[in-house]
Amino acid sequence: MGRILLIAAAVIVGFFLLGSVIGLIFGALKWVLIIGAIALIVSVVLKLTRSSRSSHYS
């Protein structure tokens with residue numbers, strides 16, 4: 001009986017740890033996607049401003 005309770009407690013603790021790790025991974029992935037989207041928007045805006053600026057001078 002004690003061994004079964006120990007295994008059940010280990011499984012429950014394992015699920016808690018797995019949930020924390022998965023939450024950490026998805027949180028990091030969310031921030032990577034947000035930073036990537038901001039970098040993409042800045043890159044597109046800079047490309048558009050450079051092309052419009054160069055067409056004015058030529």
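Nothing here was measured: the structure is a model prediction, and the numbers come from that model.

Chemist: Could you give an account of the overall build of the protein chain, with specific residues and numbers?
Modeler: Scanning the protein chain from terminus to terminus reveals 1 helix and 0 strands. Residues classed as buried in the protein chain amount to 0% of the 58 residues present. Total accessible area on the protein chain stands at roughly 5,400 Å², and carbon and sulfur atoms take up 81% of it.

Chemist: Residue-level account of a nonpolar patch on the surface, with values.
Modeler: A cluster of nonpolar residues, Ile-7, Val-11, Phe-15, Leu-18, Ile-22, Phe-26, Leu-29 and Leu-33, forms a patch on the protein surface that exposes about 810 Å² of accessible area. As for its placement among the helices and strands, Phe-26 is situated in helix α1 (residues 2-57). Classification of Phe-26 as exposed rests on a relative accessible area of 54%.

Conventions we followed
Residues numbered from 1 in each chain as written. Predicted model: local features only at pLDDT ≥ 70, side-chain atom pairs only at ≥ 80, totals over all residues. Heavy atoms only, no water. Helix = DSSP H or I, 4+ residues; strand = E, 2+ residues; numbered from the N terminus. Buried < 20%, exposed > 50% of the residue type's maximum accessible area, 1.4 Å probe, protein only. Areas by Shrake-Rupley, 256 points an atom, 1.4 Å probe, with all protein chains shown as cover. Patch = residues over 30% accessible without salt bridge, like charges linked within 9 Å, V, L, I, M, F, W, Y side chains within 5 Å. Salt bridge = Lys/Arg side-chain N within 4 Å of Asp/Glu carboxyl O.

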